[in-house]
Amino acid sequence: MNLKINENGNMVIGNIDVNEIAEEYGTPLYVIDEERIRDNYKRVFNTFTKHYNKFRILYACKANTNLTVMRILEEEGCSIDAVSPGEVYTSLKAGFAPKKILFTGNNVKDEELKFVDEQDVLINLDSISQLERLAKIVNPENYKISFRVNPMVGAGHHEHCITGGVMSKFGIKEEEAPEVYKKAIDLGFKPVGMHSHIGSGILDPKPFKLATNALLDIAANVASEVDINFEFLDLGGGLGIPYTPEEKPLDIDKFAEEITGIFKSKTKEYGLGTPYLYIEPGRYLVGDAAVLLTRVNTIKNSYRKFVGVDAGFNTLLRPAMYDSYHHIAVANKGNNREVEKVDVAGNVCESGDLFARDRPLPKIEEGDLLAILNTGAYSFSMASQYNSRPRPAEILVKNNEVEIIREKETYDDLFNKQILPKRLQN
Ligand code: LLP
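Not measured: the values here are computed from a predicted model.

Caption draft 1: Here's a closer look at the domain arrangement of the chain. Annotation of the chain at the domain level lists domain 1 (4-32 + 287-415) and domain 2 (35-284). Of the residues lining the interface, 22 residues belong to domain 1; the matching set on domain 2 comes to 22 residues. Between domain 1 and domain 2, the buried area comes to about 2000 Å², and carbon and sulfur atoms account for 55% of it. In terms of surface lost to domain 2, no three residues of domain 1 exceed Asp288, Tyr322 and Tyr378, which account for 29% of the buried area on that side. Our count for the domain 1 to domain 2 interface comes out at two salt bridges.

Caption draft 2: Quick look at the packing of aromatic side chains. Within the structure shown, the criterion is met by 13 aromatic pairs. On the numbers, 5.3 Å between centres and 65 degrees between planes, the contact of tyrosine 52 with phenylalanine 263 is edge-to-face. Of the two residues, tyrosine 52 sits in the loop between α2 (34-51) and β4 (55-60) while phenylalanine 263 sits in helix α9 (residues 252-270), which places them 211 residues apart along the sequence. Across the pair, phenylalanine 263 and tyrosine 52 agree in class, each one buried. Seen in terms of ring centroids, phenylalanine 232 and tyrosine 278 are 4.5 Å apart; in terms of plane orientation they differ by 10 degrees. Their pairing is stacked. Of the two residues, phenylalanine 232 sits in strand β10 (residues 232-234) while tyrosine 278 sits in strand β11 (residues 276-279), which places them 46 residues apart along the sequence. We classify phenylalanine 232 as buried; its relative accessible area is 2%. Counting every residue linked through ring pairs, the aromatic cluster contains Tyr41, Phe45, Phe48, Phe55, Phe208 and Phe255.

Caption draft 3: Inspection of the environment of glutamate 112 at higher detail. Mapping glutamate 112 onto the fold places it in helix α5 (residues 110-118). In this structure glutamate 112 comes out as partly exposed when scored by relative accessible area, which is 23%. Each C-alpha atom, one on glutamate 112 and one on valine 222, is 28 Å from the other, the two residues being 110 residues apart in sequence. Aside from chain neighbours lying at most four places away, what touches glutamate 112 is Pro85 and Asn107.

Caption draft 4: Broad picture of the site of the ligand. Around the ligand, the structure places 20 residues, and the nearest of them are His157, Ser200, Glu280, Arg318 and Tyr378. The separation between a nitrogen atom of the ligand and a polar side-chain atom of aspartate 81 is 3.1 Å. Between the ligand and tyrosine 378, the relevant distance is 2.6 Å, taken from an oxygen atom to a side-chain nitrogen or oxygen of the residue. For the ligand, the protein covers 91% of the area, taking 590 Å² as the surface of the free molecule. Partitioning the shell around the ligand into residue classes produces seven nonpolar, seven polar and six charged. Formed jointly, the shell around the ligand draws a minimum of three residues from each of two domains, domain 1 (4-32 + 287-415) and domain 2 (35-284).

Caption draft 5: Region of interest: the nonpolar core. Tyr59 and Met194 are the most contacted members of the largest nonpolar core, which has 81 residues in total. In terms of residue count, the dominant contributor to this core is helix α8 (residues 205-225) (seven residues). Both domain 1 (4-32 + 287-415) and domain 2 (35-284) contribute no fewer than three residues apiece to this core. Once residues lying within four places of it in the same chain are set aside, the contact partners of tyrosine 59 are Asn64, Val69, Met70, Leu73, Cys78, Ser79, Ile80, Asp81, Pro281, Gly282, Leu285 and Val286.

Caption draft 6: View of the packing of α8 against α9. In the contact formed by α8 and α9, the axes pass within 10 Å of each other and the chain directions differ by 15 degrees. Comparing their axes, α9 and α8 come out roughly parallel. For the pair α8 and α9, the sense of crossing is right-handed. When α8 is examined against α9, the residues Pro205, Phe208, Lys209, Thr212, Asn213, Leu216, Asp217 and Ala220 are found in contact with a partner set consisting of Phe255, Glu258, Ile259, Ile262, Phe263, Lys266, Thr267 and Tyr270. A class-by-class count of the residues in the contact of α8 with α9 yields nine nonpolar, three polar and four charged.

Caption draft 7: Fine view of the sheet that holds β4. Read around the barrel, eight strands follow the order β4-β5-β6-β7-β8-β9-β10-β11 and close on themselves; strand pairing throughout is parallel. Each adjacent strand pair in this sheet contributes to an overall mean axis angle of 30 degrees, direction not counted. Relative to β4, α2 is tilted by about 150 degrees, and along the sheet it contacts β4 and β11. Against the sheet, helix α6 (residues 128-137) touches β7 (122-125) and β8 (144-148), its axis set at about 145 degrees to β7.

Caption draft 8: Looking closely at the packing of α2 against α9. At a minimum axis separation of 9 Å, α2 and α9 run at an interaxial angle of 40 degrees. Judged by the angle between their axes, α2 and α9 are oblique. Crossing geometry of α2 relative to α9 is assigned as right-handed. Facing α2, whose interface residues are Arg43, Thr47, Phe48, Lys50 and His51, α9 presents Ile252, Asp253, Phe255, Ala256, Glu257, Ile259, Thr260 and Lys264. Residues that form the contact of α2 with α9 fall into these classes: five nonpolar, three polar and five charged.

Caption draft 9: Representation of unusual backbone geometry within the structure. Each neighbour pair has its own omega, and for threonine 27 with proline 28 the value is 0 degrees, a cis peptide bond. Tracing the backbone shows proline 28 in the loop between α1 (18-25) and β3 (29-33). Residue aspartate 120 is not a glycine yet carries a positive backbone phi of 70 degrees. Residue classification places aspartate 120 among the exposed positions, given a relative accessible area of 60%. Residue asparagine 142 is not a glycine yet carries a positive backbone phi of 60 degrees. Turning to its location among the elements, asparagine 142 is positioned in the loop between α6 and β8. What makes asparagine 142 exposed here is its relative accessible area of 57%.

Caption draft 10: Geometry of the pattern of salt bridges. Considering all chains together, one arrives at 27 salt bridges under this definition. Note that glutamate 258 and lysine 209 form a salt bridge whose closest N and O atoms lie 3.2 Å from each other. Here glutamate 258 is found in helix α9, whereas its partner lysine 209 is found in helix α8, with 49 residues between them in sequence. On the basis of relative accessibility, which here comes to 22%, the residue glutamate 258 falls in the partly exposed class. Among the residues examined, lysine 209 registers a relative accessible area of 25% and is labelled partly exposed. Two residues, lysine 305 and glutamate 340, come together in a salt bridge whose shortest N-O distance is 3.0 Å.

Thresholds applied
Residues numbered from 1 in each chain as written. Predicted model: local features only at pLDDT ≥ 70, side-chain atom pairs only at ≥ 80, totals over all residues. Heavy atoms only, no water. Domains from an automatic or database assignment. Contact = heavy atoms within 4.5 Å. Buried area = accessible area lost by both parts, 1.4 Å probe. Salt bridge = Lys/Arg side-chain N within 4 Å of Asp/Glu carboxyl O. Phe/Tyr/Trp six-rings, centres within 6.5 Å; stacked < 30°, edge-to-face > 60°. Helix = DSSP H or I, 4+ residues; strand = E, 2+ residues; numbered from the N terminus. Buried < 20%, exposed > 50% of the residue type's maximum accessible area, 1.4 Å probe, protein only. Near = heavy atom within 4 Å. Polar contact = N/O pair within 3.5 Å; in protein donor to acceptor, adjacent residues only side chain to side chain. Areas by Shrake-Rupley, 256 points an atom, 1.4 Å probe, with all protein chains shown as cover. Nonpolar A, V, L, I, M, F, W, Y, C, P; charged D, E, K, R; others polar. Core = buried A, V, L, I, M, F, W, Y, C linked by side-chain atoms within 4.5 Å. Axes fitted to C-alpha atoms, helices over the stretch in contact; angles between N-to-C directions. Parallel < 35°, antiparallel > 145°, perpendicular 65-115°, else oblique. Left-handed = near helix turned anticlockwise from the far one by under 90°. Pairing = 2+ DSSP bridges.

Okay, structure coming up:
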């Protein structure tokens, strides 16, 4: 995220001083930049379609399921990667046509398959078990499906975020792919696609290139054994964004050229026609489009210097869960050059609730406003009410305008759906 500081040393997003937003709506608070989402989408779409025009972007909405964020992407022409019936439901609610949604579940139960089928959404199957069960739920005759395969390439910013290779629970084994497609056809289904996803938070183009080669090899192997016409081949998501100041962004022009290059030459070599090329970015589209604003309430000089803030891992889990780096800026002191190393600690009652250790930051005082950057993806969507803390509000900014797109929860929201048995009610 490009930090913009105004003449008073205050951080600005969408032309608006975030200190004013924090003042008005309170903290903690997610602030989302609409233009950044649109720019991110356009950048990927334009670079890929320069090289191959049968191209679609399926937004991996698990990254951020706010309806406004999803509407913005829908307006841009985006499609959807949904991994649960709830995400399918949310996508429909956000205005995506069923034909623009691909459902890729794992360990899906029958009632979920039924639900997704009723929404008229294409199902991307992840196991032979799902195929056999779907055959009993729907009439397979000419019913379109696709399969997720394991391309035996995996990468990601953390072990938990690697989804290809022998340790992965996802996808069909590559050597079983031809017989699975054959089985589907024998049951009457019409397989039209193949999908893989290797992991998340990848800044190195190499594993993507390997995976593209692998997916096309598997598709060709299937096509050589069964009668199939692939309408699409889906390379999944995983495109990383820089979180640390040292990391360099993906060279998206070069990336698009290389991936489409492999795609075009291999589809030609194998006689696979001209299927649609799908990719499923989540983080790349929304990750750098938001900041989390949190106010410093306590400075404690213990054995270490702790800067205590009013957000915690219930608000932003990534640092505690993956040891992820999120850059932190002092949003009201952008011009302060007096730096000291501090630990930035949240307000959850656990020692692991830290946003940063030994982080050099401009000298901080109680009352200062911190902006935790690059919190548009896997941030609010992974937030919880742990420690009985209501989830924060979300704000959208665009050209000097500030709109609230999710109200902060109240204490009463903590009891939503709870039922106190009558006998305990006095
Ligand atoms: N497609 C599928 C099938 C996926 O499972 C995922 C992410 C994506 C696409 C999008 O990946 P992306 O482009 O956003 O890297 N909570 C973790 C990330 C988990 C990603 C899970 N699957 C984090 O905070 O880093």
